[in-house]
Amino acid sequence: MHRILLIMNDDSSTVPMPVFPEVEMNLVTPKAPVTGTVVKSETCLRGGRKSASFVRHVEIDVSGTPLEGACRAGQSFGVIAPGVAENGKPHKVRLYSLASPTCGEDGEGKIIATTPKRVIDEFTPQKDEDDSDRHELFLGVCSNYVCDLQVGDKVQVTGPSGKRFLLPVDHNKHDYIFMATGTGIAPFRSMCKELFENPDGPTTSQVHVVMGTPYTTDLLYDDLFVKLAEEHDNFHYHTAVSREKQADGSRGLYVGQLVDLKFDDTFGPILTSDRGLMYMCGLVGMQWGIYQLFAEKGITEAYMTIKEDLKDVSHTDWDKEQMRRYIKPTHRLMVEVY
Ligand SMILES: Cc1cc2nc3c(=O)[nH]c(=O)nc-3n(C[C@H](O)[C@H](O)[C@H](O)COP(=O)(O)OP(=O)(O)OC[C@H]3O[C@@H](n4cnc5c(N)ncnc54)[C@H](O)[C@@H]3O)c2cc1C
């Protein structure tokens, strides 16, 4: 049973704010992780021509641990890779968004899922003291560990984490725009399953998923979203593929450009109504263009609290550092970037 948390409107906005549930957090801490068992691992790229990235859908059985039934759509959980880091200390916990709905993959909250992407690259200097000639293979510790796990393998997990990136209590009171880049789609798989595969019946709200990837082959959970769009008139799936030409020969699009392009007929009516909620998840930086777009469209009040320092600066002149410091999303704009 989840208690209800009433969110007070913390800015001068007169627009009604959604009510979010209160959720369990940090039931399992990195100091005392629990053991889960991998029950599924499969690629979740759209396939076809081989993509340059490697992303998997991994399911972990957490039954009998405090995580069972405690992970809510939109939250994350932690994974601790075995072994030690360069400093000789155990690896730090890494967070992974839940891709499973609150009832888990099994309907009983015993099996959670996530969407790890292998961090794989040539070494690039990160600090001033790093040798600029280094170029050996760089493999992220935890992402590759999770992607390598086989069915039956044990894994140390923690969580749940996050209390802000959640669906509101009354699903049908709001309409949703979910913007994702790459693995940022994970929480939206979770939320869309929650909204449309609910024992109480599918939501009556308008739900838009905007998925951004470099190439079509990088689309994640594409089958699920295509199917939802076929089955539900109120579910809409938009893809923004940045490095391929559009069907009409025009240039590739980023998620922000797609929202701008379809603003008047699709996204604007939702965002300007009292029902609109926007969620963004994925690459750090995806939020800056949206903040500027909101300012251009004159819809900042409901979604952003802009501090005095920025109020007299034209939105076209806002730089990233200013936006980071002086803009705070309201409870109608949920941002999770990493
Ligand atoms: C709330 C939240 C949810 C998340 N959800 C997901 C998810 O659903 N799926 C997912 O895949 N990830 C997710 N992440 C990211 C995840 O936590 C890890 O950061 C990611 O998997 C990389 O971890 P790693 O151990 O593989 O890489 P690390 O070993 O930690 O390496 C990454 C670090 O190495 C450095 N580095 C990166 N590239 C290079 C390079 N070429 N050369 C040298 N150094 C480099 C950078 O400092 C970088 O921070 C999420 C993060 C947060 C905060």
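Residues numbered from 1 in each chain as written. Predicted model: local features only at pLDDT ≥ 70, side-chain atom pairs only at ≥ 80, totals over all residues. Heavy atoms only, no water.

### A few points about the overall build of the protein chain
- A count of helices and strands for the protein chain gives nine helices and 17 strands.
- Counting the 338 residues in the protein chain, one finds 49% classified as buried.
- For the protein chain, the share of sequence-separated contacts (at least 6 apart) that also reach a separation of at least 24 residues comes to 70%. (Helix = DSSP H or I, 4+ residues; strand = E, 2+ residues; numbered from the N terminus. Buried < 20%, exposed > 50% of the residue type's maximum accessible area, 1.4 Å probe, protein only. Contact = heavy atoms within 4.5 Å.)

### So, the pairing of strand 3 (residues 34–43)
- The pairing of strand 3 with strand 10 (residues 154–161) spans four bridges and is antiparallel. Bridge assignment links T37 to a residue of strand 10, and that residue is K154.
- As paired strands, strand 3 and strand 4 (residues 56–61) are joined by six bridges and run antiparallel to one another. Across the sheet, the residue bridging to T37 is D61, located in strand 4. (Pairing = 2+ DSSP bridges.)

### Let's talk about the sheet that holds strand 13 (residues 235–241)
- As summarised here, the arrangement of the five strands in space is 13-12-11-14-17, forming an open sheet in which the pairing is parallel. Both outer strands of the open sheet, strand 13 and strand 17 (333–337), are each paired with one neighbouring strand and no more. With strand direction ignored, the average angle separating the axes of adjacent strands in the sheet is 10 degrees.
- In this sheet, strand 12 (residues 207–213) lies alongside strand 11 (residues 175–181) in parallel orientation, the contact comprising six bridges. Bridged to T181 within strand 12 is G212.
- Along the sheet, helix 2 (residues 186–196) contacts strand 11, strand 12, strand 13 and strand 14 (276–282); its crossing angle with strand 11, the most-contacted strand, is approximately 155 degrees. (Axes fitted to C-alpha atoms, helices over the stretch in contact; angles between N-to-C directions.)

### A few points about the side chain of K193
- Structurally, the position occupied by K193 is in helix 2.
- Apart from the residues within four sequence positions on either side, K193 is in contact with P101, N198 and L224.

### Observations concerning the site of the ligand
- Lining the immediate environment of the ligand, one finds 23 residues, of which R94, L95, Y96, C142 and S143 sit closest.
- Within the contact set of the ligand, an oxygen atom lies 2.8 Å away from a side-chain nitrogen or oxygen of R94.
- In the model, an oxygen atom of the ligand is placed 2.7 Å from a nitrogen or oxygen of the C142 main chain.
- Considering the ligand on its own, with 990 Å² of exposed area, one finds that the protein chains cover 73% of that surface.
- Those elements that provide at least two residues to the shell around the ligand are strand 6 (94–97), strand 8 (120–122) and helix 1 (141–148). (Near = heavy atom within 4 Å. Polar contact = N/O pair within 3.5 Å; in protein donor to acceptor, adjacent residues only side chain to side chain. Areas by Shrake-Rupley, 256 points an atom, 1.4 Å probe, with all protein chains shown as cover.)

### Side note on the pattern of salt bridges
- Applying the stated criterion to the full structure yields twelve salt bridges.
- Of the charged contacts in the structure, one is a salt bridge between R118 and D148, with a shortest N-O distance of 2.8 Å. One end of the pair, R118, is in the loop between strand 7 (111–114) and strand 8; the other, D148, is in helix 1, and 30 residues separate them in sequence.
- Through salt bridges that share partners, E68, E108 and K110 make up one connected network. (Salt bridge = Lys/Arg side-chain N within 4 Å of Asp/Glu carboxyl O.)

### Digging into helix 5 (residues 263–271)
- Within helix 5, burial applies to F263, T266, F267, G268, I270 and L271. The buried residues of helix 5 all sit within an arc of 165 degrees when viewed along its axis, so they share a single face. Among the exposed residues of helix 5, those pointing more than 90 degrees away from its buried face are D264 and D265. (Arc of directions from axis to C-beta.)

### Here's the deal with the environment of D106
- One can find D106 in the loop between strand 6 and strand 7.
- D106 sits in the partly exposed class, given a relative accessible area of 30%.
- Expressed as a C-alpha distance, the spacing of D106 and D61, which sit 45 residues apart in the sequence, is 9.5 Å.
- Polar side-chain contacts of D106 include one of 3.2 Å to the backbone nitrogen of K110.

### A few points about the nonpolar core
- Grouped together as the largest cluster of nonpolar side chains are 36 residues, with contacts concentrated most on F178, I185, F188, F225, F235 and Y279.
- Counting residues per element, the ones that place at least two in this core are strand 11, helix 2, strand 12, helix 3 (222–231), strand 13 and strand 14.
- Ranked by the residues each element gives to this core, the list is headed by helix 2, at six residues.
- Counting the residues that make up this core, at least three belong to each of domain 1 (34–161) and domain 2 (164–337).
- Excluding anything up to four places from it in sequence, F188 contacts F165, F178, M179, A180, F225, Y279, M280 and C281. (Core = buried A, V, L, I, M, F, W, Y, C linked by side-chain atoms within 4.5 Å. Domains from an automatic or database assignment.)

### Brief notes about the domain arrangement of the protein chain
- Assigned domains within the protein chain: domain 1 (34–161) and domain 2 (164–337).
- Inter-centroid distance (C-alpha atoms) of domain 1 to domain 2 is 24 Å.
- Taken together, the two surfaces of domain 1 and domain 2 that pack against each other cover about 1,800 Å², and 51% of this comes from carbon and sulfur.
- Across the contact surface, domain 1 and domain 2 share one salt bridge.
- A salt bridge links R189 to E105; the shortest N-O distance between them is 2.8 Å.
- Considered class by class, the residues forming the side of domain 1 that touches domain 2 number eight nonpolar, 13 polar and four charged. (Buried area = accessible area lost by both parts, 1.4 Å probe. Nonpolar A, V, L, I, M, F, W, Y, C, P; charged D, E, K, R; others polar.)

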